[in-house]
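Summary of the model geometry
Each chain, letter by letter, is given below.
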Amino acid sequence: MKPALSDREGFAAFVLRMRSLGLTDQRLMSAFEATPRMAFVNGNLGNAAYGDGALPIECGEFIEGLDLQAQLIKALDLEPAHRVLEIGTGTGFTAAVMARLSGRVLSLERYRTLVELAQQRLQALKIENTFIKHTDGRNGLVHDGPFDRIIVWGAFESMPRQFVELLSSNGVMVAPIGPLDGRQVIARLSKIGSRFERQDMMPVRFLSLLEGVASAL
């Protein structure tokens, strides 16, 4: 059995994989380097923590592999003044990374347990520009908008047109689109006036966003 990688070793392997994909953005890599992956995943996962596969977390959920997380965050083109909406907090890892690249992150999560654990991790890292809410995020939060960027870690079956009004002018949304049992793609949606201009990035397989908040977890 291989010994578990340290954060430093795991990050170095991640950087090499990103370079092979042509992703060399220094600001993005610095944000990932400053956010220790091991603090957000189960320590028993060992070498898998820095891999490109999905990982199990609390409440029977999963977080996406590190490589996909990096590619989707890169697609947002985050700037220091941006207000970001994230739907699907998970462990809080992606919220922590985006907080280092933007002005403010609001992250929505349907599982109270995940909300509380993510808040603890963010506090431990002294990240103060991220706010996590326990709520149904399928339609976003209109009264908290507009947002410059929106990222969703769950699939919509069709174009999520209800989010157009949540985005600021020239805002960008990144989300998986497609049926649960069919072809899904990551779409980069740019707001042009009152509509979306769509750019498909890559095929994926995500679970659909669930309705409501979890009643027990």
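Computed from a predicted structure; not experimentally measured. (Residues numbered from 1 in each chain as written. Predicted model: local features only at pLDDT ≥ 70, side-chain atom pairs only at ≥ 80, totals over all residues. Heavy atoms only, no water.)

Brief notes about the pairing of strand β5 (residues 130-134)
Direction of pairing for strand β4 (residues 104-109) relative to β5: parallel, over a ladder of five bridges. If you follow S107 over to β5, its bridge partner there is I132. Between the parallel pair β4 and β5, the chain is carried across by helix α5 (residues 112-124), and the sense of this crossover is right-handed. (Pairing = 2+ DSSP bridges. Helix = DSSP H or I, 4+ residues; strand = E, 2+ residues; numbered from the N terminus. Right-handed = clockwise from strand over helix to strand, strands pointing away.)

Some details on the packing of aromatic side chains
Where two aromatic rings form a pair, the distance of their centres and the angle of their planes describe that pair. Tallying each qualifying case throughout the model produces five aromatic pairs. Look at F14 and F32: their rings are 5.3 Å apart centre to centre, the planes differ by 55°, and that puts the pair in the tilted class. Here F32 lies in helix α2 (residues 26-33) and F14 lies in helix α1 (residues 7-20), a separation of 18 residues in the sequence. When sorted by exposure, F14 lands in the same class as F32, which is buried. Over the ring of Y111 we find R110, and its NZ or CZ is 5.0 Å from the ring centre. (Phe/Tyr/Trp six-rings, centres within 6.5 Å; stacked < 30°, edge-to-face > 60°. Buried < 20%, exposed > 50% of the residue type's maximum accessible area, 1.4 Å probe, protein only. Lys NZ or Arg CZ within 6 Å of the ring centre and 35° of its normal.)

Things to note about the sheet that holds β4
If you trace the seven strands from one edge of the open sheet to the other, you get β5-β4-β3-β6-β7-β8-β9, paired in mixed fashion. Of all the strands in the sheet, the pair left with one neighbour each is β5 and β9 (195-204). Ignoring strand direction, the axes of neighbouring strands in this sheet form an average angle of 15°. Sheet analysis places strand β3 (residues 83-87) next to strand β6 (residues 147-152), joined by four bridges and oriented parallel. Residue pairing in the sheet places L85 in a bridge with I150 of β6. Contacts from helix α3 (residues 66-76) reach β6, β7 (167-177), β8 (184-192) and β9, with the element oriented near 160° to β9. The strands touched by α5 are β4 and β5; relative to β5, the strand with the most contacts, the crossing angle is about 165°. (Axes fitted to C-alpha atoms, helices over the stretch in contact; angles between N-to-C directions. Contact = heavy atoms within 4.5 Å.)

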